[in-house]
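Structural features, examined
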Amino acid sequence: MVTGDNIQTAKAIALECGILSSDADASESNIIEGKVFRALSEGEREQVAKRITVMGRSSPSDKLLLVQALRKGGDVVAVTGDGTNDAPALHEADIGLAMGIQGTEVAKESSDIIILDDNFASVVKVVRWGRSVYANIQKFIQFQLTVNVAALIINVVAAVSSGDVPLNAVQLLWVNLIMDTLGALALATEPPTDHLMHRTPVGRREPLITNIMWRNLIVQALYQVGVLLVLNFAGRTILGLNDETRERANEVKNTVIFNTFVFCQIFNEFNARKPDEMNVFTGVTKNYLFMGIIGITLVLQVIIIQFLGKFTSTVRLSWELWLVSIAIGLISWPLAVVGKLIPVPETPLAKYFIRPFQRLRTARSA
């Protein structure tokens, strides 16, 4: 809290609002006067800024200096204000929030978000929805990368080893439709949850793809690639197709691979909803669009396999082979739970790859 009131008044208001939890928190390192902060050097201001909770007797320039010091230290800064004097700090901050009723036009023009009801509780809604949008983007990226990695490895390995690909162009087009269009709609419309507010804020330089996402992606992709490659190379024996002609057996085998791959994505779409939670079904019935898209995908998949064989180069499957495809896809749910028990390092994976290059550059410059 940065205010022009004297330090005692500022302290009393901060205690009443919960900015300070008790008198014990009101130490000299937490509370500071504007003139004291202004007199510090630039380096000292950066160190002190991270500890300040309340600043009294401050001028508009002190507020601006505080924002600049925090941003230089790598923090993401949000500033609220309503007066003309707040405009420089609102403009300098990463996120400026102005009051819609009592705020001046200058403050509104300098801000990024206008709180129409002048209620600070509305800021919580802003944070809640902002985190939800960011989390939904991450969910979609995790889901999309899993599909891409699995499809790429399966087709490349099969093509190199046998010269034949199990997933043809039309089938991959359908998979891409599930992944890009329907998958994006399903995952991007997830409503915000209370769990999001318990997360720590995302840093300015933190990667979009987190270590948790990499873990989930690798676990699911390895499972899909492993199972589908086994079906590709040993499917005739496993599926009991040795009595069929070679051509017929290959058609059935490739159809099972395609059907299984699609079901893996459908079940994995549920996993993508909650990358860091064990229960991926929380609130799923309240998201009617998600459930509707899953239902539409299932219906279309049945139509493609059973009635559009000439178009997709597939054949009709028996109910036993349908159950095999569903069972293999269903395993992705318990597998996701087991995968989430694997601990991940806090340091982003990208830094492990960057460090050798940084050391090499440092050695050359030395």
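Calculation notes
- Residues numbered from 1 in each chain as written.
- Predicted model: local features only at pLDDT ≥ 70, side-chain atom pairs only at ≥ 80, totals over all residues.
- Heavy atoms only, no water.
- Domains from an automatic or database assignment.
- Buried < 20%, exposed > 50% of the residue type's maximum accessible area, 1.4 Å probe, protein only.
- Helix = DSSP H or I, 4+ residues; strand = E, 2+ residues; numbered from the N terminus.
- Pairing = 2+ DSSP bridges.
- Right-handed = clockwise from strand over helix to strand, strands pointing away.
- Axes fitted to C-alpha atoms, helices over the stretch in contact; angles between N-to-C directions.
- Polar contact = N/O pair within 3.5 Å; in protein donor to acceptor, adjacent residues only side chain to side chain.
- Contact = heavy atoms within 4.5 Å.
- Salt bridge = Lys/Arg side-chain N within 4 Å of Asp/Glu carboxyl O.
- Patch = residues over 30% accessible without salt bridge, like charges linked within 9 Å, V, L, I, M, F, W, Y side chains within 5 Å.
- Areas by Shrake-Rupley, 256 points an atom, 1.4 Å probe, with all protein chains shown as cover.
- Parallel < 35°, antiparallel > 145°, perpendicular 65-115°, else oblique.
- Left-handed = near helix turned anticlockwise from the far one by under 90°.

All right, on to the domain arrangement of the chain then. Entries for the chain in the domain assignment read domain 1 (7-122) and domain 2 (133-362). On a C-alpha basis, the centroid separation for the pair domain 1 and domain 2 is 46 Å.

Put simply, side chains in a regular strand alternate between the two faces of the sheet. Burial within strand β4 (residues 95-99) is extensive, with 4 of its 5 residues counted as buried. Note: strand β3 (residues 78-81) against β4, 4 bridges, orientation parallel. Its bridge partner being in β4, Ala-78 is matched across the sheet by Ile-95. Between the parallel pair β3 and β4, the chain is carried across by helix α5 (residues 87-92), and the sense of this crossover is right-handed. Two strands pair when backbone bridges link them, and β4 and strand β5 (residues 113-115) are joined in this way by 3 bridges, in the parallel orientation. Across the sheet, the residue bridging to Ala-98 is Ile-114, located in β5. Read from β4 through helix α6 (residues 105-110) to β5, the crossover connection turns out right-handed.

Turning our eyes to something else, we now look at the sheet that holds β5. The 3 strands are arranged β3-β4-β5 in an open sheet whose pairing can be described as parallel. In this open sheet, the two strands that pair with only one neighbour each are β3 and β5. In this sheet, adjacent strand axes meet at a mean angle of 25 degrees when their direction is disregarded.

Here we come to the side chain of Asn-259. Turning to its location among the elements, Asn-259 is positioned in helix α10 (residues 246-273). The exposure class of Asn-259 is buried, given its relative accessible area of 0%. At a separation of 3.3 Å, a polar atom in the side chain of Asn-259 contacts the side chain of Ser-325. Setting aside residues up to four positions removed in sequence, Asn-259 forms contacts with Gln-301, Ile-305, Leu-317, Trp-322 and Ser-325.

Here the focus is the pattern of salt bridges. In total, this model carries 10 salt bridges according to the counting rule given. Residues participating in the shared-partner salt-bridge network are Arg-71, Glu-92 and Asp-94.

Time to look at a nonpolar patch on the surface. On the surface, Ile-296, Val-299, Leu-300, Ile-303, Phe-307, Leu-308 and Phe-311 cluster together into a nonpolar patch covering about 660 Å² of accessible area. When residues in the nonpolar patch are grouped by element, the largest group, 5 residues, is from helix α11 (residues 288-307). Looking at where Val-299 falls in the secondary structure, it is placed in helix α11.

With that out of the way, let us pick up the packing of helix α8 (residues 169-188) against α10. Packed helices, taken two at a time, are described by their axes: the angle between them and the distance between them. Across the interface, α8 lies against α10 with an axial gap of 11 Å and an inter-helix angle of 15 degrees. The pairing of α8 with α10 is recorded here as roughly parallel in orientation. Two packed elements cross with a definite hand, and for α8 against α10 that hand is right-handed. Listed contacts from α10 to Gln-171, Trp-174, Val-175, Ile-178, Leu-182, Gly-183, Ala-186 and Leu-187 of α8 are Phe-258, Phe-261, Val-262, Glu-269, Ala-272 and Arg-273.

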